[in-house]
Amino acid sequence: MELLVCADGNSRCVYSEAIDLSVLGKISIQRGSHVEPDQEGKWIADLSPVNGPQLGPFTNRSEALKAEMDWLREHWLVPPS
């Protein structure tokens, strides 16, 4: 699990149960994306909750999940400028 800790003490990560985040202090968990099938059965990764794009369509859900995670790592899990 990648955890970004900012200079102001706030942090962000893509949630997993790899560590107990509550030991870091007060936590707020918010959805960062939606991976859902479209009407043709293809998979879309919608990153609008973090002001990101819609990725896809992908044939397999696993492809959409990988694209979602790759985008979050490159664009969202970065220190603020």
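Keep in mind that what you see is a predicted model, and the values were worked out from it rather than measured.

Conventions used here
- Residues numbered from 1 in each chain as written.
- Predicted model: local features only at pLDDT ≥ 70, side-chain atom pairs only at ≥ 80, totals over all residues.
- Heavy atoms only, no water.
- Pairing = 2+ DSSP bridges.
- Helix = DSSP H or I, 4+ residues; strand = E, 2+ residues; numbered from the N terminus.
- Axes fitted to C-alpha atoms, helices over the stretch in contact; angles between N-to-C directions.
- Contact = heavy atoms within 4.5 Å.
- Buried < 20%, exposed > 50% of the residue type's maximum accessible area, 1.4 Å probe, protein only.

**Quick word on the sheet that holds strand β5 (residues 54-58)**
Taken in spatial order, the three strands of this open sheet run β3-β4-β5, and their pairing is antiparallel. Each edge of the open sheet is held by one strand with a lone partner, namely β3 (34-37) and β5. Neighbouring strand axes in the sheet, compared pairwise and without regard to direction, differ in orientation by 15° on average. In terms of strand pairing, β3 meets strand β4 (residues 43-46) through four bridges, oriented antiparallel. Note that in β4 the partner of His-34 across the bridge is Asp-46. In the packing of helix α1 (residues 61-76) onto the sheet, the strands contacted are β3, β4 and β5, and the crossing angle to β5 comes to about 155°.

**So, the environment of Met-1**
Looking at the element boundaries, Met-1 is found in the segment before β1 (3-5). We classify Met-1 as partly exposed; its relative accessible area is 42%. Those residues in contact with Met-1 that sit more than four places away from it in its chain are Cys-13, Val-14, Ser-16, Ala-18, Ile-19 and Leu-21.

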